[in-house]
Amino acid sequence: MHARLLTDSRWKRVVPVVALLALALVYRLWILFSIKNYPVLAAPAADSAMFDAWARDIAQRSFWGDEIFFFDPLYPYFLGIFYTLFGHHPFAVTIVQAGLGVLGLWMLFEGARRLFGYPVAVAALAAGAFYRTMAFYDIVLVKDFLGPVLLEAAFLAAALAHTSGRSGWWAGAGAACALAGLLRGNLLLLVPALVLVAWLVPVRDPRRALLALAGAVAVLLPVALRNTVVGGEFVLTTAQMGTNLYTGNHPGNVSGRYEPPPFLRRATTVNELLDFQEEAERRLGRRMGRGEVSAYWRNEAFKAIADAPGRFLRLTAKRAALLTNRIEVPDVYYIDFIARRSVPLALPAVTFGLVAPLAVYGLVRSRREWRRLLIPYLLLGLPILSMVIFFVFDRYRLPSLPFVALFAGAGVVDGWEVWRARDRRALMTGAALLLASFAWVNLPLESLVDVGRFDFTVAHYNDAVSLRRLGRPAEAAQELEDLMRLRPDYRKDSKITWFAGRCYEEAGDPRRAAEYYRTAAENMPNRAALWVDLARALLAAGDVPGARQAVEQADGAVRRTVPAGEVLKELDALRRRLS
């Protein structure tokens, strides 16, 4: 009878966990299948396109590559190994990612159960299961979904080391933090922090520290050796830190967000590397390796900070405010925009504005146990703190979100216990803390973020790019029309109007294409390519006199500038057709 009671009690604890994990998986797969044909997912853009291309190169051409890593390599190698084993199936990868995201939630639960107890662990699991931002990034082709998974693994390993007394788990925690550093460079700071905690807390034990360090070295050393062999420079992981630091702090950055310096002509994920390298080499007058380029821009960033420390402090304050605010600053993927076409994304869900105040309460109430909880404190705070000197996007704080959910769960359980105890003093101070943190987290900071991120102009543009790549230029043109309705000033923007002209031309509407090409050309009269596009569209529309005038304008632009050879060839072909 006693054994049966124990079995029933254990079963009652298992069922809620299994149910929450199953619901977390269903939620993610529901989101995935509801948006699988969405343009920026069906035709990956920006970072997603770069990761996909790199992974195909790993699978088809060279596993080791032939240059020092500029971008963090872990996710492309994850994709590349998948493509090698199963073929190029990006959609299948996102299903696997959903499963890994749920596995991470289980690790969060198990670590929390050991350090905080079962009720807190279940509350944290529930918050993480239905946290919309975490669920969304689990099913799109970007590296950031792995951040929470790896830190949840580090958390579980540290919790096992703490509760089981087996020091070997520290090696696993060190390896997980090092892998996180190969996913996002700022997370490398977790390695020395983890080693220090393992050494000092709760008592000094150099063996634990050495095990944590050994786990990290086992991951990082092969990458450093690979960089040295293929690039001739010792670079621990990547050569991107300097360029990122400069992007967030160069003299022209007044917002603290992603603002490319003026010499970045090709502000895209892949090509920004070329612009940074070319500009550094132009300034120094010599060829440079990738490690040298990163060091150069790191030093330039430090100079900019030293020259204007007040500006740096203001930018850092803005970034800190955004990182601790309910606002999810979008990058390529605009979740609120995509939610208009997805039922599960449109449903009420867990958000930062909801759980962060509870997490603050949980952090404060658990402060007396800080020694035992130092690892989750670090995993929550260090990823966010390390971003305040760079720039801010919603996905950059993903690694900390499981631990926001964890301390929110601790706050809920503690608040319930305080309520049941009718401790008036604790209730009053807790309510005041919740109100203050809720007010801070929900401050209306939209003015710190480009308005285009909230009126969805950039989202319309990204969709247009993907729709054109998918061979649907008419729909791409409609997205650009929506964009220009939101921002009428864009009807004079040469980049937007040229793009609209190209979409209309490919959709078989040369007359409408000519209208937009004309606007683009008149705003940039020295760009011969724009006049050539206008002439081609006018000729297709049957306006021969107009086409001749556009060719004359192109000839004038050629005399003032030197266009690309392809432009000159097309111009010659147009002259022959019009003669």
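Here the structure is a predicted model, which is why all the values come from computation and not from measurement.

(A) Expanded view of the overall build of the protein chain. Check the secondary structure of the protein chain and you find 28 helices and zero strands. On C-alpha atoms alone, the protein chain measures out to a radius of gyration of 27 Å, which is about the 25 Å that the 2.2 N^0.38 rule sets for 579 residues. Counting the 579 residues in the protein chain, one finds 53% classified as buried. Accessible surface computed for the protein chain: about 26,300 Å², of which carbon and sulfur atoms make up 62%. Between the mean site of the 68 positive side-chain charges and the mean site of the 52 negative ones, the protein chain shows a separation of 7 Å.

(B) Main features of helix H27 (residues 544-560). For H27, with 17 residues, the first-to-last C-alpha span of 25 Å sits near the 24 Å given by 1.5 Å per residue. Looking at where H27 begins, the residue whose side-chain oxygen comes 2.9 Å from the main-chain nitrogen of glycine 546 is aspartate 543.

(C) Region of the structure containing a nonpolar patch on the surface. On the surface, a nonpolar cluster with roughly 570 Å² of combined accessible area is contributed by Phe63, Trp64, Ile81, Leu85 and Phe86. Relative to the assigned elements, isoleucine 81 resides in helix H4 (residues 74-86). Given the relative accessible area of 41%, isoleucine 81 is considered partly exposed.

(D) Up close: the nonpolar core. In this structure, Tyr75, Phe116, Phe136, Phe155, Trp170, Tyr333 and Leu406 are the most contacted members of the largest nonpolar core, which totals 115 residues. In this structure phenylalanine 155 touches Met107, Leu108, Gly111, Ala112, Leu115, Phe116, Pro376, Leu379, Phe403 and Leu406, once residues within four positions along its chain are discounted. Counting 36 residues, the second largest nonpolar core, distinct from the first, contains Ala477, Met484, Ala554 and Leu571.

(E) Structural view of the packing of helix H9 (residues 169-183) against helix H10 (residues 190-200). Viewed as axis vectors pointing N to C, H9 and H10 meet at an angle of 160°, and their least axial separation amounts to 9 Å. As the angle between them shows, H9 and H10 are arranged roughly antiparallel. For the pair H9 and H10, the sense of crossing is right-handed. Listed contacts from H10 to Trp170, Ala173, Gly174, Cys177 and Ala178 of H9 are Leu190, Val191, Leu194 and Ala198. The residue inventory of the contact of H9 with H10, partitioned by class, reads eight nonpolar, one polar and no charged.

(F) Highlighting the packing of helix H22 (residues 457-469) against helix H24 (residues 494-506). Two numbers describe how H22 lies on H24: the axes approach to 12 Å, and their chain directions differ by 30°. Judged by the sense of rotation from one axis to the other, the crossing of H22 with H24 is left-handed. Residues Tyr461, Ala464, Val465 and Arg468 of H22 touch H24, and the partners they reach there are Lys495, Ile496, Phe499, Arg502, Cys503 and Glu506. Here the residues of the contact of H22 with H24 are counted per class, giving six nonpolar, no polar and four charged.

(G) Quick look at H10. Considered for burial, the residues of H10 that qualify are Leu190, Val191, Ala193, Leu194, Val195, Val197 and Ala198. Residues of H10 that are buried sit in contact with helix H8 (146-164), H9, helix H11 (206-231) and helix H19 (374-385).

(H) Structural detail: the packing of aromatic side chains. Throughout the structure, instances matching the rule amount to 34 aromatic pairs. Judged by centre distance (4.8 Å) and plane angle (50°), the rings of tyrosine 246 and tryptophan 297 are tilted. With tyrosine 246 in helix H12 (residues 241-249) and tryptophan 297 in helix H14 (residues 290-307), this pair connects stretches of sequence that are 51 residues apart. Judged on exposure class, the residue tyrosine 246 and its partner tryptophan 297 are both buried. Geometrically, the ring pair formed by tyrosine 258 and phenylalanine 391 is edge-to-face, given 5.3 Å between the ring centres and 70° between the ring planes. With a gap of 133 residues between them, tyrosine 258 in the loop between H12 and helix H13 (271-284) and phenylalanine 391 in the loop between H19 and helix H20 (401-421) connect regions that are remote in the sequence. Among the aromatic residues, those joined into a cluster by ring pairs are Trp54, Phe63, Trp64, Phe69 and Tyr77. Positioned above the aromatic ring of phenylalanine 352 is the side chain of arginine 397, whose terminal nitrogen or guanidinium carbon lies 3.8 Å from the ring centre.

(I) Structural context of unusual backbone geometry. Even without a glycine there, the phi angle at arginine 422 is positive, about 55°. With a relative accessible area of 54%, arginine 422 lands in the exposed category.

(J) Highlighting the pattern of salt bridges. Under the criterion given, the structure shown has 33 salt bridges. As a salt-bridge pair, aspartate 482 and arginine 485 come within 2.2 Å of each other at their nearest N and O atoms. With aspartate 482 and arginine 485 both in helix H23 (residues 473-486) and three residues apart, this pair spans about one turn of that helix. Aspartate 482 gets classed as partly exposed once you look at its relative accessible area, which sits at 22%. Put simply, aspartate 533 and arginine 502 hold a salt bridge, and the shortest N to O gap is 3.2 Å. In this pair, aspartate 533 sits in helix H26 (residues 528-540) while arginine 502 sits in helix H24, placing the two residues 31 residues apart along the sequence. The same class applies to aspartate 533 and to arginine 502, which are both buried. In the salt-bridge network here, residues are joined through shared partners; they are Glu279, Arg282, Arg283, Glu300 and Lys303.

(K) Looking closely at the side chain of glutamate 479. Note that glutamate 479 resides in helix H23. You can call glutamate 479 buried: its relative accessible area is 7%. Ignoring any residue separated from it by four or fewer positions in sequence, one finds glutamate 479 in contact with Phe337, Arg341, His460, Asp463, Ala464 and Leu467.

Rules used throughout
Residues numbered from 1 in each chain as written. Predicted model: local features only at pLDDT ≥ 70, side-chain atom pairs only at ≥ 80, totals over all residues. Heavy atoms only, no water. Helix = DSSP H or I, 4+ residues; strand = E, 2+ residues; numbered from the N terminus. Rg over C-alpha atoms; globule rule 2.2 N^0.38 Å. Buried < 20%, exposed > 50% of the residue type's maximum accessible area, 1.4 Å probe, protein only. Areas by Shrake-Rupley, 256 points an atom, 1.4 Å probe, with all protein chains shown as cover. Lys, Arg positive; Asp, Glu negative; His and termini not counted. Charge placed at Lys NZ, Arg CZ, Asp CG, Glu CD. Expected span 1.5 Å × (residues − 1). Polar contact = N/O pair within 3.5 Å; in protein donor to acceptor, adjacent residues only side chain to side chain. Patch = residues over 30% accessible without salt bridge, like charges linked within 9 Å, V, L, I, M, F, W, Y side chains within 5 Å. Salt bridge = Lys/Arg side-chain N within 4 Å of Asp/Glu carboxyl O. Core = buried A, V, L, I, M, F, W, Y, C linked by side-chain atoms within 4.5 Å. Contact = heavy atoms within 4.5 Å. Axes fitted to C-alpha atoms, helices over the stretch in contact; angles between N-to-C directions. Parallel < 35°, antiparallel > 145°, perpendicular 65-115°, else oblique. Left-handed = near helix turned anticlockwise from the far one by under 90°. Nonpolar A, V, L, I, M, F, W, Y, C, P; charged D, E, K, R; others polar. Phe/Tyr/Trp six-rings, centres within 6.5 Å; stacked < 30°, edge-to-face > 60°. Lys NZ or Arg CZ within 6 Å of the ring centre and 35° of its normal.

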